[in-house]
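Breakdown of the fold
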Amino acid sequence: MAKLDLKKEIKKCYFLWGEDSFTRRAAEEKIKKAVIDEAAEMMNMSVFNDMKTTAGQIIEAAETTPFLSEKRFILVKDCGFFSEGKKAESDLMAEYIQNIPDTACVVFSEEKADKRLKLYKAIEKNGMTAEFSKLKDNDLASLAEKKLTKSGLKIPKNLCVYMVRNCVDAEMLRGECEKLIAYMDGRSEVTSEDIDAVCVKNSETRVFDLVDAMVAGKTEKALEIYRNLLALNESPFMVLSLITRQFRIILKCKSLSENGYSGNDIAKKIGTAPFVANAGVRQSRSFTYDTLKKALNKCIDTDYNIKSGALDAVSGIEVLIAEGAY
């Protein structure tokens, strides 16, 4: 989360932007609380969240005298002022930025930003811009650990990393943490089984578990995961693609780990999360290079036979799983 020091000074204007909507929204709330008291919100806050919002409407809100408060708070959220499609209104707003009265604080909040626009440069010069990038796994794990610990649960860092592997952002993570807290129901020691019981798994993670079962020789478990994926309307082609990808990752992990690379270094090298790389290293110990190459070739042959009509997609992949792909 971008640093917002509101104790020294409250700027007249802010631009908060980035993919992490959860922490961006937290920043909006933080600025609002610094600008106006909760009791004064109704009379001294204006929120615009429509693409039809004009520069004139925002300027009118900023020029309105606050009622029983030192300042007014104006939030302009997802209104498109930082895209080329609304350049004329954006330029009008840019001309006004330096003239915002001391009695107003205008906060713009968007997912994306065109830094070439006059409005972005005007806020950068006269106020503050803050980017909220999508959080990395380690950052999400730290957030999970903090929230769960605060709720009285005990969870090691490695399980926090395990938990967040399916969370695309902090918003989703918050929901998963709340589900886990409710599920524990008085118990304090969190296990991987607890996480598996309540936390969502995306298709990529389910396929990872599928390959894990194949590697461990748990054919029935692997087939069960495959059939559950089909029941969730996942494409068998997608499943095969991810199985093939996982064997490629295992092969790369084997080579890099045997050349002295750590799990984190491997993750950077192959462009995956550390959890995926560490698991790939673990899985690679069950294979020789020849076995891994054989598994990859079998995946490629299955793909060819399905696309050429020699095999039915659903049953062809089932056979691949049942035979262990190697």
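The text that follows walks through the structure, step by step, so that each part is easy to find. (Residues numbered from 1 in each chain as written. Predicted model: local features only at pLDDT ≥ 70, side-chain atom pairs only at ≥ 80, totals over all residues. Heavy atoms only, no water.)

Focus: the state of the cysteines
To keep things clear, this is the line we draw: Any two cysteine sulfur atoms within 2.5 Å of one another count as a disulfide.
Applying the stated criterion across every chain, the model contains zero disulfides. We note that Cys79 lacks a disulfide partner, and the nearest cysteine sulfur, in Cys105, lies 16 Å from it.

Brief notes about the sheet that holds strand β3 (residues 72-77)
In any sheet, the strands associate via hydrogen bonds between backbone groups, in a parallel or an antiparallel arrangement. As a reminder, the rule being used: Two strands pair if DSSP finds at least two bridges between them. Only DSSP runs of H or I with at least four residues qualify as helices, and only runs of E with at least two residues qualify as strands; both kinds are numbered from the N terminus onward. For helices, the fitted axis covers only the stretch in contact; all axes are lines through C-alpha atoms, and the angles between them, taken along N-to-C directions, range from 0 to 180 degrees. Here, two residues are considered to be in contact whenever any of their heavy atoms come within 4.5 Å of each other.
Overall, parallel pairing links the five strands, which are arranged β2-β3-β4-β1-β5 in an open sheet. Bordering the open sheet on either side are β2 (45-48) and β5 (128-131), each of which pairs with just one other strand. Strand-to-strand, the axes of this sheet are offset by a mean angle of 15 degrees, without reference to chain direction. Here four bridges tie β2 to β3, and the two strands are oriented parallel to one another. What sits directly across from Met45, in β3, is Phe73. Here helix α3 (residues 55-63) sits on the sheet and contacts β2, β3 and β4 (104-110); the angle it forms with β3, its principal contact strand, is near 165 degrees.

So, a negative patch on the surface
Our working definition: Patch criteria: residues need more than 30% relative accessible area and no salt bridge. Like-charged residues are merged within 9 Å; nonpolar side chains of Val, Leu, Ile, Met, Phe, Trp and Tyr are merged within 5 Å. We get accessible surface area from the Shrake-Rupley algorithm with a probe of 1.4 Å; when it comes to residues, only the shown protein chains can shield them. Salt-bridge detection follows one rule: a side-chain nitrogen of Lys or Arg within 4 Å of a carboxyl oxygen of Asp or Glu. Lys and Arg are tallied as positive, Asp and Glu as negative. Neither His nor the chain termini are counted. Lys charges are placed at NZ, Arg charges at CZ, Asp charges at CG and Glu charges at CD. When accessible area is computed with a 1.4 Å probe and restricted to protein chains, residues below 20% of their type maximum are described as buried, those above 50% as exposed, and intermediate ones as partly exposed.
Together, Glu19, Asp78, Glu111 and Glu131 make up a negatively charged patch on the protein surface. For Glu131, the position within the fold is in strand β5. Judged by relative accessible area, which is 41%, Glu131 ranks as partly exposed.

Section: the nonpolar core
Short version of the rule: What makes a nonpolar core is a set of buried Ala, Val, Leu, Ile, Met, Phe, Trp, Tyr and Cys residues whose side-chain atoms join them at distances within 4.5 Å.
Leu148, Ile155, Met163, Leu173, Leu180, Val190 and Ile195 are the most contacted members of the largest nonpolar core, which has 34 residues in total. Counting only elements with at least two residues in this core, the list comes to α6 (137-150), α7 (157-164), α8 (170-184), α9 (192-198), α12 (236-258), α13 (263-270) and α14 (274-284). Tallying contributions element by element places α7 first for this core, with six residues. In this structure Val190 touches Leu153, Lys154, Ile155, Leu159, Leu180, Met184 and Ile195, once residues within four positions along its chain are discounted. Membership of the second largest hydrophobic core comes to 27 residues, among which are Val211, Ala213, Phe287 and Ile306.

What to know about the pairing of strand β1 (residues 13-17)
Summarising burial for β1: five of the five residues are buried, a large majority. A two-sided burial pattern is seen for β1, the buried positions comprising Cys13, Phe15 and Trp17 on one face and Tyr14 and Leu16 on the other. Pairing between β1 and β4: five bridges, direction parallel. The residue bridging Leu16 from the neighbouring strand is Ser109, located in β4. In this structure, β1 lies alongside β5, joined through four bridges in parallel fashion. What sits directly across from Tyr14, in β5, is Met128.

Things to note about the pairing of β3
What counts is decided by this rule: Assignment of crossover handedness uses the view with strands pointing away from the viewer, where a clockwise path from the first strand over the helix to the second indicates a right-handed crossover.
Across the six residues that make up β3, a large majority, six, are buried. Each parallel crossover has a hand, and for β2 linked through α3 to β3 it is right-handed. Of the pairings in the sheet, the one linking β3 to β4 comprises six bridges and is parallel in character. Across the sheet, Phe73 pairs through a bridge with Cys105, a residue of β4. Once the chain exits β3 it traverses helix α4 (residues 87-97) before rejoining the sheet at β4, and the crossover so formed is right-handed.

Describing the pattern of salt bridges
This structure, assessed with the given rule, holds 17 salt bridges. One salt bridge in this structure joins Lys11 and Glu9, with 3.4 Å as the shortest N-O distance. According to the relative accessible area criterion, Lys11 is partly exposed, its value standing at 27%. The exposure class assigned to Glu9 is partly exposed, which follows from its relative accessible area of 46%. With its nearest N and O atoms 2.9 Å apart, the salt bridge here joins Asp102 to Lys12. Placement of the pair is Asp102 in the loop between α4 and β4 and Lys12 in the segment before β1, with a sequence separation of 90 residues. Each of Arg25, Glu171, Arg174 and Glu178 takes part in salt bridges that share partners, so that together they form one network.

Honestly, it's all geometry; don't read function into it.
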